[in-house]
Amino acid sequence: NAGVTQTPKFRILKIGQSMTLQCTQDMNHNYMYWYRQDPGMGLKLIYYSVGAGITDKGEVPNGYNVSRSTTEDFPLRLELAAPSQTSVYFCASSYRANTEAFFGQGTRLTVV
Amino acid sequence: QQQVKQSPQSLIVQKGGISIINCAYENTAFDYFPWYQQFPGKGPALLIAIRPDVSEKKEGRFTISFNKSAKQFSLHIMDSQPGDSATYFCAASFENYGGSQGNLIFGKGTKLSVKP
C-alpha cells in the first residue's frame, strides 16, 4: 500500500505565482487534511474534508483553496504565492474522526 | 482553549535513560490524545494514543500517562535509544465540537536527542 502520496516533494515559487500541491490516498479514508509545519510551531490545519464534495476551513486557510471531487484526491491550491507561505506542507487522512491519521512525506515549498 | 502546550522544546538524554515529554490542554471537550513521532524529512507517524477513560497506556518502551483532573498528559520513553532521536508532537482532538470534527491540534514539538 502506498498510503498517502504527496507531489511534488520540493518546489520553489516566485512571489505571485500559483501552484497545486497534490495529495492522494489509497486507504479509502473519508477524512483528509492539509497541515503546514513551520519551525518550532507544530502543525497548523489549513483545510480539511470529511468526504467527497465536502471541505471546510481550518486554523490558517487564507491564501489557500481546496477541492475534493473524489475520495482519493485532495489537492491544495496556492494562489498568488507570498513569502509567508514558505513552509512544509503535509497531507493526511484518517478513517474517521479521532483515529490514527496517516501523513504523507510532505512538500517543502519556498516562495522567493 | 484550543491550544495544546508542550514542553520541553528540546531534550537530551543518555542512552538507556528515561525521556519525559509533557503536554497540557484547556478544552475539556478533547477526547483523543495521540503522540506522533517525526524523523527529519518524513511525515509524522502515530506512536501511541490514549482516550480519557484510562490513566495510562503502555506499548513497549512507550507509555502515556494521563491526568484528567490536571488536564495534562505525558509521554515516557523507557530505555531510550539513539534510534528514538526524533521530534515528538502531542496532539488532541474531539469527535465533534463546533463543527471541527476530529481535527488534530498539535503541540509545538519536542526535539529529542539520545546520546550513545
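Residues numbered from 1 in each chain as written. Chains lettered and ligands numbered in written order. Predicted model: local features only at pLDDT ≥ 70, side-chain atom pairs only at ≥ 80, totals over all residues. Heavy atoms only, no water.

All names here are of chain B. The sheet built from five strands is open, its strands ordered β1-β3-β8-β7-β6 with antiparallel pairing. Here the strands that pair on one side only, and so sit at the sheet edges, are β1 (4-7) and β6 (56-59). When the angles between neighbouring strand axes are averaged without regard to direction, this sheet yields 15 degrees. Two elements, strand β7 (residues 62-67) and strand β8 (residues 72-77), share six bridges in a ladder whose sense is antiparallel. (Pairing = 2+ DSSP bridges. Helix = DSSP H or I, 4+ residues; strand = E, 2+ residues; numbered from the N terminus. Axes fitted to C-alpha atoms, helices over the stretch in contact; angles between N-to-C directions.)

Moving on, we come to the environment of Tyr-64 of chain A. Residue and element names in this part refer to chain A. Within the element layout of this structure, Tyr-64 appears in strand β7 (residues 64-66). Classification of Tyr-64 as buried rests on a relative accessible area of 4%. What Tyr-64 contacts, discounting residues up to four positions off in sequence, is Arg-36, Ile-46, Tyr-47, Leu-76, Arg-77, Leu-78, Gln-85 and Tyr-89. (Buried < 20%, exposed > 50% of the residue type's maximum accessible area, 1.4 Å probe, protein only. Contact = heavy atoms within 4.5 Å.)

The next thing to look at is the pattern of salt bridges. Scanning all chains against the criterion turns up six salt bridges over all chains. Between Arg-36 of chain A and Asp-38 of chain A there is a salt bridge whose closest N-O contact spans 3.0 Å. An identical accessibility class is assigned to Arg-36 of chain A and Asp-38 of chain A; each is buried. The residue Glu-59 of chain B makes a salt bridge to Lys-57 of chain B at a minimum N-O spacing of 3.7 Å. (Salt bridge = Lys/Arg side-chain N within 4 Å of Asp/Glu carboxyl O.)

To continue, consider unusual backbone geometry. In this model, Thr-7 of chain A is joined to Pro-8 of chain A through a cis peptide bond whose omega is -5 degrees. As for its position among the elements, Pro-8 of chain A is in the loop between β1 (4-7) and β2 (10-13). The step from Ser-7 of chain B to Pro-8 of chain B runs through a cis peptide bond, and the omega angle for that step is -5 degrees. By the element assignment, Pro-8 of chain B lies in the loop between β1 and β2 (10-14). Despite not being glycine, Leu-80 of chain A has its phi angle at roughly 50 degrees, a positive value. Assignment of secondary structure puts Leu-80 of chain A in the loop between β8 (76-78) and β9 (87-94).

Moving on, we come to the pairing of strand β4 (residues 33-38) of chain B. Residue and element names in this part refer to chain B. Within β4, six of the six residues are buried, which leaves it mostly tucked inside the rest of the structure. Here β4 shows a buried face lined by Phe-33, Trp-35 and Gln-37 and a second buried face lined by Pro-34, Tyr-36 and Gln-38. Inspection of the sheet shows β4 paired to strand β5 (residues 45-50) by five bridges, in the antiparallel sense. Bridged to Pro-34 within β5 is Ala-49. Once β4 ends, the chain turns through six residues before running back antiparallel as β5, passing Gly-41 with a positive phi of about 80 degrees.

Throughout the structure, instances matching the rule amount to two disulfides over all chains. Covalent S-S linkage joins Cys-23 of chain A and Cys-91 of chain A, the inter-sulfur distance amounting to 1.8 Å. Measuring the twist about the S-S bond at about -70 degrees, one finds the Cys-23 of chain A-Cys-91 of chain A disulfide to be left-handed. Taken together, the residues span a long stretch of sequence, with Cys-23 of chain A in strand β3 (residues 19-25) and Cys-91 of chain A in strand β9 at a distance of 68 residues. The burial state of Cys-23 of chain A is the same as that of Cys-91 of chain A; both residues are buried. Here Cys-23 of chain B connects covalently by a disulfide to Cys-90 of chain B, the sulfurs 1.8 Å from one another. Measuring handedness by torsion sign, the sulfur bridge of Cys-23 of chain B and Cys-90 of chain B sits at about -95 degrees and is left-handed. With Cys-23 of chain B in strand β3 (residues 19-25) and Cys-90 of chain B in strand β9 (residues 86-92), this pair connects stretches of sequence that are 67 residues apart. A relative accessible area of 3% means that Cys-23 of chain B is categorised as buried. (Disulfide = S-S within 2.5 Å.)

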